[in-house]
Amino acid sequence: QKEVEQDPGPLSVPEGAIVSLNCTYSNSAFQYFMWYRQYSRKGPELLMYTYSSGNKEDGRFTAQVDKSSKYISLFIRDSQPSDSATYLCAMREDNAGNNRKLIWGLGTSLAVNP
Amino acid sequence: DVKVTQSSRYLVKRTGEKVFLECVQDMDHENMFWYRQDPGLGLRLIYFSYDVKMKEKGDIPEGYSVSREKKERFSLILESASTNQTSMYLCASSFFLGRGTTAGITGELFFGEGSRLTVL
């Protein structure tokens, strides 16, 4: 079993839809949870970051961590065509070998259709 | 604005050729990384460096070597390219974890735009 599981999609939604992207993980020691967004032919960039459990909101984006279920989510409200990208989850323990042990999901490809 | 620059966006090489991929960052980051990204396999760490001349093997170091002679520059070398090394190569950099900045606390990685290598 992989440490982090993420459905690669692709996911296709109409503009304005609410999008839910998810990752599950097996390592209960993970404490830092991140979502990166990767546009086509570009490198990933950090979108949201959460420490431990709870929710974090930034504009149309909400990151949610449920450590009891080992499940993280990224919600996008009022999705826009500019949100079309691949979304990668990443996570690590408190002591992650100085970032050497950042664990990545495969990424979910999202298309938002006008 | 943080910038990680990869020297070549697209390369086509022949089997057996030596390939150099260069990466430069301008944010005084201690850590630098080389990943490859393949469909269905995601991001896989090839090598990691936390200081000049220091390197650690990642998950898939076979067939690759690296060089870090200056803090801002991290090179990936394919000594004898093979077709199974056809991939997207991504360089990234970050602060030491715990360095007193937001990016040091989160461990945010800053990526370059990638180098797409095709080995024929």
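Up top is the structure.
As a starting point, this report considers the structure included with it. (Residues numbered from 1 in each chain as written. Chains lettered and ligands numbered in written order. Predicted model: local features only at pLDDT ≥ 70, side-chain atom pairs only at ≥ 80, totals over all residues. Heavy atoms only, no water.)

## With respect to the sheet that holds strand β6 (residues 54-58) of chain A
All names here are of chain A. Here is the rule: The rule for pairing is simple: two strands pair if DSSP sees at least two bridges between them. Every helix listed is a DSSP run of H or I at least four residues long, and every strand listed is a run of E at least two residues long, numbered separately from the N terminus.
A sheet is described by the order of its strands in space; here 5 strands give the open sequence β1-β3-β8-β7-β6, paired in antiparallel fashion. Each edge of the open sheet carries a strand with a single partner, namely β1 (4-5) and β6. Both strand β3 (residues 19-25) and strand β8 (residues 71-76) contribute to a ladder of 6 bridges, which runs antiparallel. Directly across from Thr24, in β8, lies its bridge partner Tyr71.

## Looking at the side chain of Gln25 of chain B
All names here are of chain B. Put simply, the rule is: Whether a residue is buried, partly exposed or exposed follows from its accessible area with a 1.4 Å probe, protein chains only, as a fraction of its type maximum: under 20%, in between, or over 50%, in that order. Any pair of nitrogen or oxygen atoms within 3.5 Å is treated as a polar contact; in protein, a donor-acceptor pairing is required on top of that, and neighbouring residues in sequence qualify only through side-chain atoms on both sides.
Tracing the chain through its elements places Gln25 in strand β3 (residues 19-25). Judged by its relative accessible area of 3%, Gln25 is buried. Within the structure, Gln25 has its side chain in polar contact with the backbone oxygen of Lys71 (distance 3.3 Å).

## Structural notes on the pairing of strand β5 (residues 42-51) of chain B
Residue and element names in this part refer to chain B. Among the 10 residues that make up β5, 7 are buried, leaving the element largely enclosed by the rest of the structure. Sheet topology note: the strand β4 (residues 31-38)/β5 ladder contains 7 bridges and is antiparallel. Note on β5: the bridge partner recorded for Asp38 is Gly42. The antiparallel pairing of β4 with β5 creates a hairpin that spans 3 residues between the two strands, and Gly40 there sits at a positive phi of about 80°. Summarising the sheet, β5 and strand β6 (residues 54-57) pair through 3 bridges and their orientation is antiparallel. Among the inter-strand pairings, Asp51 is bridged to a residue of β6, identified as Met54. Counting the residues in the hairpin turn of β5 and β6 gives 2 residues, including Lys53, whose phi is positive at 65°.

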